[in-house]
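Chain residues, written in single-letter form:
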Amino acid sequence: MTSTIENNEVVVLKPEKKEPLGVFFWVCVGWLGVNLLAAIFANFLPIWGPQDSNNYVDLNTGPSFSHLLGTDDLGRDILSRIIYGARVSLGVSFGAMFLAFFIGGIFGMYAAYRRGKLDLILTSVSLVFLAFPSIIAVIAVLSFWTPRSILKITIVIAVTSIPLVYRVIRAATLSAATKDYVLAAKIQGATDRRIMTKELLPNILPTAVSFVMIGIASVIVVEGSLAFLGLSTNVTTPSWGNMINESRSVMQVNPWLVLFPSLAMCLLILSLNFIGDRIRSYYDVSEVKL
Amino acid sequence: MIKYLGRRVIALAVILTIVSFGSFSLIHLLPGDIATVILGTGNTPANRIALYKQLGLDKGLFSQYFTWLGNIFQLNFGNSFIDGTSVSTTIGTALPIDFEMILISQVMAFAIAIPLAMKAAKKPNGLFDRIATGTSFTMLSVPPFIFIVLLVLVVSINLQIPGTGPASFVTFGQDPFHNLVSLVLPSIVLGIGSTVVYFRVLRSDLVSTLQEEFITMARSKGLTRRRIMWRHAFRPSSIALLGTAGLNIGGLIAGGFIVEYLMQIPGIGYMLILAINKSDFLLVQGIVMTIATLIVLLNFLIDFLFGIIDPRITRD
């Protein structure tokens, strides 16, 4: 993944009064919600179809009332293509992170709780994989594993993210597992499963959520890069990466075509990063050192 | 120190073995008969025999691996069956371009990030810190491929500055001046990306370092602020910076591809993409192996530097 996740910072460990999450945080959450809803209900929105072209009449128009964000070089509505394109970005990124957390998270929690040989083996394996740049692995595997589909892209990105997720969740669980309330639960005779789901899980949730947000933002960038390389979805499927990539050739004629999908992508990434960052500092999750 | 390095060397050997096996296995992901797919348009009986000999395809998997590894040790990645050039020559001409771009962008990143972080960390949450942190956070959300496209739109197309657009690359040997001009935009994109990351890491590390007792001690001795910042705070904080720089430069070797591709700079990343598009699988395999090895070696170098800056790390 990209540098957003890999470069962890050391957070200042000074007990402070809790700052409220702030207005901007909720604006970001709202924006994420708008993106998700638009992507899910794209079919029901009063917009043009993503492939509708008005008999090649309105080509490369700027923003107007009939086409709020203008049209592209084939006369297709940009707003509609951005909304349908969100499906690819959000689908791949949410899917990949869900999968990576499901597998990496379970292993990370279990290893940190049980320790011992399994922990040692899994941790060494994850270190080896982290030494290898995941984007190269993604490109390499996708270029050999044809024909490509959204499902395959999601799986490949998810699998390459597992080592990092494992490290983060393991470290978060480790610090929670040594707390007195876990000991108290153990003394009361709680089962391992109960301790993991009722005591540990709620306490590592803030870390997980904050990391999921930043992870989703990184996957959106990765998917966009893949689109530029022609390794993502079919070019006829609208996706933000595809749109920015295609519009390069008509950039002089119609700069809107580059600007709007870029803006959509940057704003969503900004929101995700900000949400992740605020949750992290709100719950005072001191950064996990990898 | 020697024991520390020894452990690192063992880890290095293990990782390189795994990386090489991973790169080797890539061609086995290909659907159908490997030889037919690799040969592609260059499919002649003579080529087929050559490929079988080179990859040891008629032997078992492990024997194939050792044949391949033996060739790699002699820097022989084989010849491309698409255009007949040797893979190691292609890699050899492409890599220096990447090194040049990384050098320029990193000099730029450190020159901007270090003074900014120092100034911001002096007064955490002060006006300067807020502006710098806010800006860096926003910049973090602009993917490199959007940044480069927008820069080209403004600089090369609207301002029409010659020699900065895509496909204007010339090698340093041909024309040093135009070479540097053509690398300005890509270096800015890579450089700003690194600057943002370095600034954030160094700033937050400095803020916590400045709360340490040895800083109070230095202050009470009456040392100047400048001396405290550079001598007492920067050195311990530079560990975090160095670790990040290692990851980041490794990321640039691999991640600069998108900028290279868009600007058509024939670096290793661009070569990788061309190779993928031409289905030149041996070249892809060679490049993946080269990049991975470079990154692993870089990490090793960083570990070594850690030991020099902070000798405590080498004691376990």
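Above this text you will find the structure in question.
A separate point is the overall build of chain B. Along chain B, the regular secondary structure elements total 13 helices and zero strands. Listing every helix and strand of chain B by position from the N terminus yields α-α-α-α-α-α-α-α-α-α-α-α-α. Counting only residues that meet the buried cut, chain B has 50% of its 316 residues in that class. At a minimum sequence separation of 6, the contacts of chain B that also span at least 24 residues come to 73%. Counting every atom, chain B has about 14800 Å² of accessible surface; 67% of that belongs to carbon and sulfur. Between the mean site of the 22 positive side-chain charges and the mean site of the 15 negative ones, chain B shows a separation of 14 Å.

Turning our eyes to something else, we now look at the environment of Thr133 of chain B. Residues and elements named next belong to chain B. One can find Thr133 in helix 6 (residues 127-140). For Thr133 and Ile313, which are 180 residues apart along the polypeptide, the C-alpha to C-alpha distance reads 30 Å. Residues within four places of Thr133 in sequence aside, it is in contact with Phe199, Arg200 and Arg203. At 2.7 Å, the side chain of Thr133 forms a polar contact with the backbone oxygen of Asp129.

Residues and elements named next belong to chain A. The final tally for this structure, using the stated rule, is seven salt bridges over all chains. Close ionic contact of Asp192 with Arg114 constitutes a salt bridge, the shortest N to O distance being 2.8 Å. Residue Asp192 is located in helix 8 (residues 192-228), and its partner Arg114 is located in helix 3 (residues 78-114); the two are separated by 78 residues in the primary sequence. A residue is classified by how much of its surface remains accessible, and Asp192, at 29% relative accessible area, is partly exposed. A network of salt bridges, in which partner residues are shared, links Arg115, Asp119 and Arg170.

This part is about the interface of chain A and chain B. Taken residue by residue, the interface counts 42 residues in chain A and 49 residues in chain B. Between chain A and chain B, a total of about 4100 Å² is buried, with carbon and sulfur atoms accounting for 79% of that surface. Ranking the residues of chain A by area buried against chain B places Ile136, Phe144 and Leu229 of chain A at the top, with a combined share of 17%. There are one salt bridge connecting chain A and chain B.

Another aspect to go through is a nonpolar patch on the surface. Residues and elements named next belong to chain A. On the surface, Phe98, Leu99, Phe102, Ile103, Ile106, Phe107, Trp145, Leu151, Ile155 and Val159 cluster together into a nonpolar patch covering about 950 Å² of accessible area. Broken down by element, the nonpolar patch gets its largest block of residues, six residues, from helix 3. Ile106 gets classed as partly exposed once you look at its relative accessible area, which sits at 49%.

All names here are of chain B. A cluster of basic residues, Lys119, Lys122, Lys123, Arg219, Arg225 and Arg226, forms a positive patch at the surface. Secondary structure elements with two or more residues in the positive patch: helix 5 (87-122) and helix 10 (225-255). Classification of Lys123 by relative accessible area gives exposed; the value is 64%.

With that out of the way, let us pick up the packing of aromatic side chains. For the structure on display, the rule yields 16 aromatic pairs over all chains. Ring centres of Phe228 of chain A and Phe145 of chain B lie 4.8 Å apart, and the angle between their planes is 45 degrees; this geometry places the pair in the tilted category. Of the two residues, Phe228 of chain A is situated in helix 8 and Phe145 of chain B in helix 7 (residues 144-158); the pairing between them involves two chains. For Phe228 of chain A, a relative accessible area of 1% gives the class buried. Centre to centre, the rings of Phe24 of chain B and Trp68 of chain B are 5.8 Å apart; their planes meet at 50 degrees, and the pair counts as tilted. With a gap of 44 residues between them, Phe24 of chain B in helix 1 (residues 2-26) and Trp68 of chain B in helix 4 (residues 61-73) connect regions that are remote in the sequence. Under the relative-accessibility criterion, Phe24 of chain B is labelled buried at 4%. Looking at Trp68 of chain B, the relative accessible area reads 8%, which means it is buried. Members of the aromatic cluster, each reached through a chain of ring pairs, are Phe21, Phe24, Tyr65, Phe66 and Trp68 of chain B.

Our focus in this paragraph is unusual backbone geometry. A positive phi angle, near 55 degrees, is found at Arg115 of chain A, a position not held by glycine. If you trace the backbone, Arg115 of chain A turns up in the loop between helix 3 and helix 4 (116-130). Positive phi, normally seen in glycine, also occurs at Gln264 of chain B, with a value near 50 degrees.

Quick look at helix 6 (residues 150-177) of chain A now. Residue and element names in this part refer to chain A. Taking 1.5 Å of rise per residue, the 28 residues of helix 6 would be expected to cover 40 Å, and the 38 Å separating its terminal C-alpha atoms lies within 8% of that figure. At Ile162, helix 6 is deflected by roughly 40 degrees, the largest bend along its length, and proline Pro163 occurs up to four residues later in sequence. Most of helix 6 sits out of view: 20 of its 28 residues are buried.

Rules of the game
Residues numbered from 1 in each chain as written. Chains lettered and ligands numbered in written order. Predicted model: local features only at pLDDT ≥ 70, side-chain atom pairs only at ≥ 80, totals over all residues. Heavy atoms only, no water. Helix = DSSP H or I, 4+ residues; strand = E, 2+ residues; numbered from the N terminus. Buried < 20%, exposed > 50% of the residue type's maximum accessible area, 1.4 Å probe, protein only. Contact = heavy atoms within 4.5 Å. Areas by Shrake-Rupley, 256 points an atom, 1.4 Å probe, with all protein chains shown as cover. Lys, Arg positive; Asp, Glu negative; His and termini not counted. Charge placed at Lys NZ, Arg CZ, Asp CG, Glu CD. Polar contact = N/O pair within 3.5 Å; in protein donor to acceptor, adjacent residues only side chain to side chain. Salt bridge = Lys/Arg side-chain N within 4 Å of Asp/Glu carboxyl O. Buried area = accessible area lost by both parts, 1.4 Å probe. Patch = residues over 30% accessible without salt bridge, like charges linked within 9 Å, V, L, I, M, F, W, Y side chains within 5 Å. Phe/Tyr/Trp six-rings, centres within 6.5 Å; stacked < 30°, edge-to-face > 60°. Expected span 1.5 Å × (residues − 1). Bend = angle between axes of the 7 residues up to and from the residue.

None of this, on its own, says anything about what the molecule does.
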